[in-house]
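Chain by chain, the residues:
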Amino acid sequence: MHDESTPPDFKEQLQRLHRLTAIARWIVVVLLWSTVGVWSLWRLRHEISLWMEYFTWVAVWYGFRHRIWAAVGLGLCTGNTLAVLVWQSRNLLWGLPASERRRLERQLYRIYSTGPSHPLWNWVMGSASKLP
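Small disclaimer: the values here were computed from a predicted structure and weren't measured.

A. Inspection of the packing of aromatic side chains at higher detail. Taken as a whole and assessed by the stated rule, the structure comprises six aromatic pairs. Consider the rings of F55 and W57, whose centres lie 5.0 Å apart with planes at 80°: the pair is edge-to-face. The exposure class of W57 is exposed, given its relative accessible area of 67%.

B. Region of interest: the side chain of E47. Following the sequence through the fold, E47 ends up in helix α2 (residues 45-53). The contact partners of E47, leaving out residues within four places of it in the chain, are G63, H66 and R67.

C. Examining a nonpolar patch on the surface more closely. Among the surface-exposed residues, W39, I68, W69 and V72 lie close enough to one another that they form a single nonpolar patch of about 470 Å² accessible area. For the nonpolar patch, the element with the most residues is helix α4 (residues 68-94), which contributes three residues. Of note, W69 is situated in helix α4. Owing to a relative accessible area of 63%, W69 belongs among the exposed residues under this scheme.

D. Summary view of the confidence of the model for the protein chain. Counting all residues, the mean pLDDT for the protein chain is 90, and 91% of those residues have values of 70 or more. When pLDDT is averaged over each element of the protein chain, α4 comes out on top at 97 and helix α6 (residues 121-125) at the bottom at 87.

E. Structural context of the pattern of salt bridges. Per the counting criterion, the structure on display carries five salt bridges. For E100, the salt bridge identified is with R90, shortest N-O distance 2.8 Å. With E100 in helix α5 (residues 98-114) and R90 in helix α4, this residue pair connects regions lying 10 residues apart in the sequence. Judged by relative accessible area, R90 falls into the partly exposed class, the value being 29%. You can call E100 buried: its relative accessible area is 10%. Among the ionic contacts, a cluster of salt bridges with common partners joins R90, E100 and R103.

Reading the values: rules and limits
- Residues numbered from 1 in each chain as written.
- Predicted model: local features only at pLDDT ≥ 70, side-chain atom pairs only at ≥ 80, totals over all residues.
- Heavy atoms only, no water.
- Phe/Tyr/Trp six-rings, centres within 6.5 Å; stacked < 30°, edge-to-face > 60°.
- Buried < 20%, exposed > 50% of the residue type's maximum accessible area, 1.4 Å probe, protein only.
- Helix = DSSP H or I, 4+ residues; strand = E, 2+ residues; numbered from the N terminus.
- Contact = heavy atoms within 4.5 Å.
- Patch = residues over 30% accessible without salt bridge, like charges linked within 9 Å, V, L, I, M, F, W, Y side chains within 5 Å.
- Areas by Shrake-Rupley, 256 points an atom, 1.4 Å probe, with all protein chains shown as cover.
- Salt bridge = Lys/Arg side-chain N within 4 Å of Asp/Glu carboxyl O.
- pLDDT = per-residue confidence, 0-100.

This is the structure we're talking about:
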């Protein structure tokens, strides 16, 4: 996908876009935990107090069975957290897979083609990155 029209700071912009993607995924996880997670834990508050006194896996099973939507909510939050952790760990340990790199490159070319009107233009193309 690289050609003579590729800017010299393409790799740096690609890294910024990847960092922005990681931050966006963590924001989704935080929003899930602060909404669905809190609601689920609140719905399970009586069961949790019983678990604190007499913890057994059967009590957990019955608590989740009795409060199915709270269990689904906790599963959603836990699943998304683990997915982002595994995704980011894989990228840190082994680098970006070729398919994800191609996806980021395509997204970067779309940002190029849209120009400064693209919402991510300043975040990705700016000379001073606004991301930590």
